[in-house]
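One letter stands for each residue in the lines below.
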Protein chains: 2
Amino acid sequence: METPKIKNTDNLPPFAAGARVRYNKNQKMTKQRTETKMELLANCLEKRGLKSTKQRHYIADTFFRSNTHISLEELHKKVKRKSPRAGYATVYRTMKLLTECGLAIERQFGDGQTRFENVPEDGHHDHLICLKCSEIVEFQNETIEQLQDKTATELGFNVVRHKLELYGYCKNCK
Amino acid sequence: METPKIKNTDNLPPFAAGARVRYNKNQKMTKQRTETKMELLANCLEKRGLKSTKQRHYIADTFFRSNTHISLEELHKKVKRKSPRAGYATVYRTMKLLTECGLAIERQFGDGQTRFENVPEDGHHDHLICLKCSEIVEFQNETIEQLQDKTATELGFNVVRHKLELYGYCKNCK
DNA sequence: TTGCTAAATGATATCGACTTTCAATTTCAT
DNA sequence: ATGAAATTGAAAGTCGATATCATTTAGCAA
């Protein structure tokens, strides 16, 4: 084997997962609730004429409670702990649905697996990723956002969304 | 089929490929040469005790001349025009080599295909991607970079590299 | 509650983009 | 030129994502 393949959390690349810590512009920690999201999901299902099932409910709840950038495989594993017959395909379809409803964000950190992130209730954030210990810190910086808009405008663009990832070493690893 | 799969340039997602235009901070266009890179490659091969082959030479040259964010499939197609027996695996291995040598950058724009970008000779740049016509504009903004470093430092990080992508609509599509 | 019908589920098959394997070929130091 | 070592191309293998399909379920109507 030339290059080992990454398959699970035990052998993650240095930038894919890790505990989540959030900071706003002033470095205050923030928290997320999970109740409201289940309500949003219920609304979204109703709006589309979709059915409310045990599986969807449990998968969504498990995802909303997850604090990492979770992959389908990891989520499936968690879901099966309480619901052993739950299929991978259902987890896949539910996460696709959550993404369409705006309740999850798909991310690619370059390890070949799509990872899902909870939508923050306090707005957009970007990522700082430690290349050694895998810590992922989320941050917000309004000034950077404004500069991005300004730059884009100068080039004739209207920016709809963006992605900013900073890779480096955290204070414990530098 | 539930979701059509993207396979080639004719059916790209609105953000994957497109002609490349580069702007520096003052919106002046810049150009790239290709000679120096072949020399760098030769050095890199020698340093590693690797052999200089027709295939590597031709694949690298084709890539260096490509002006888009090219996928392996697209590059293989181009290479086969002049070298019909060239295999996909060789293109794959050569691009892996170029990436390791720092002469190519792997990128994921979310369409499931890895795309390769030429290393700019005038430093790091970021991307503006039109969601409608697929135009990809590259830009540089030193102020944003400085702010990123500042933010990271405040959170105890040393930034090694970063990725900034702005998705929106260009002046022709807004 | 019961029956019905469309939607959802889960097991499995398929797809597609890599990635590896291996026998044949080529490079290059001697 | 020669032989060891690297490279190549074809084909097979891998793995995550996605589709298929028979069975099960949700939710409305009687």
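Residues numbered from 1 in each chain as written. Chains lettered and ligands numbered in written order. Predicted model: local features only at pLDDT ≥ 70, side-chain atom pairs only at ≥ 80, totals over all residues. Heavy atoms only, no water.

## Focus: the sheet that holds strand 3 (residues 104-108) of chain B
Each strand in a sheet pairs with its neighbour through backbone hydrogen bonds, running either in the same direction (parallel) or in the opposite one (antiparallel). All names here are of chain B. If you walk across this open sheet you meet the three strands as 2-4-3, and the pairing is antiparallel. This sheet does not close on itself; its edge strands, each paired only once, are strand 2 (70-71) and strand 3. Sheet topology places strand 3 next to strand 4 (residues 114-118); five bridges connect them, and they run antiparallel. Within strand 4, the residue paired with Arg107 across the bridge is Arg115. Packing of helix 2 (residues 54-65) onto the sheet brings it into contact with strand 2, strand 3 and strand 4, and relative to strand 4 it is tilted by some 80°. Sheet contacts for helix 4 (residues 88-100): strand 3 and strand 4; angle to strand 3, the most-contacted strand, approximately 110°. (Pairing = 2+ DSSP bridges. Helix = DSSP H or I, 4+ residues; strand = E, 2+ residues; numbered from the N terminus. Contact = heavy atoms within 4.5 Å. Axes fitted to C-alpha atoms, helices over the stretch in contact; angles between N-to-C directions.)

## Overview of the interface of chain A and chain B
Counting residues at the interface gives 39 residues for chain A, matched by 38 residues for chain B. A combined buried area of about 3,700 Å² lies between chain A and chain B, and 63% of that area is made up of carbon and sulfur atoms. When residues of chain A are sorted by the area they lose upon contact with chain B, Leu155, Phe157 and Lys163 of chain A head the list and together hold 19% of the total. There are two salt bridges connecting chain A and chain B. Between Glu165 of chain A and Lys163 of chain B there is a salt bridge; the shortest N-O distance is 3.7 Å. Viewed at the interface, chain B and chain A are joined by 12 residue pairs in polar contact (both at pLDDT 80 or more). (Buried area = accessible area lost by both parts, 1.4 Å probe. Salt bridge = Lys/Arg side-chain N within 4 Å of Asp/Glu carboxyl O. Polar contact = N/O pair within 3.5 Å; in protein donor to acceptor, adjacent residues only side chain to side chain.)

By themselves, these figures tell us nothing about what the structure is for.
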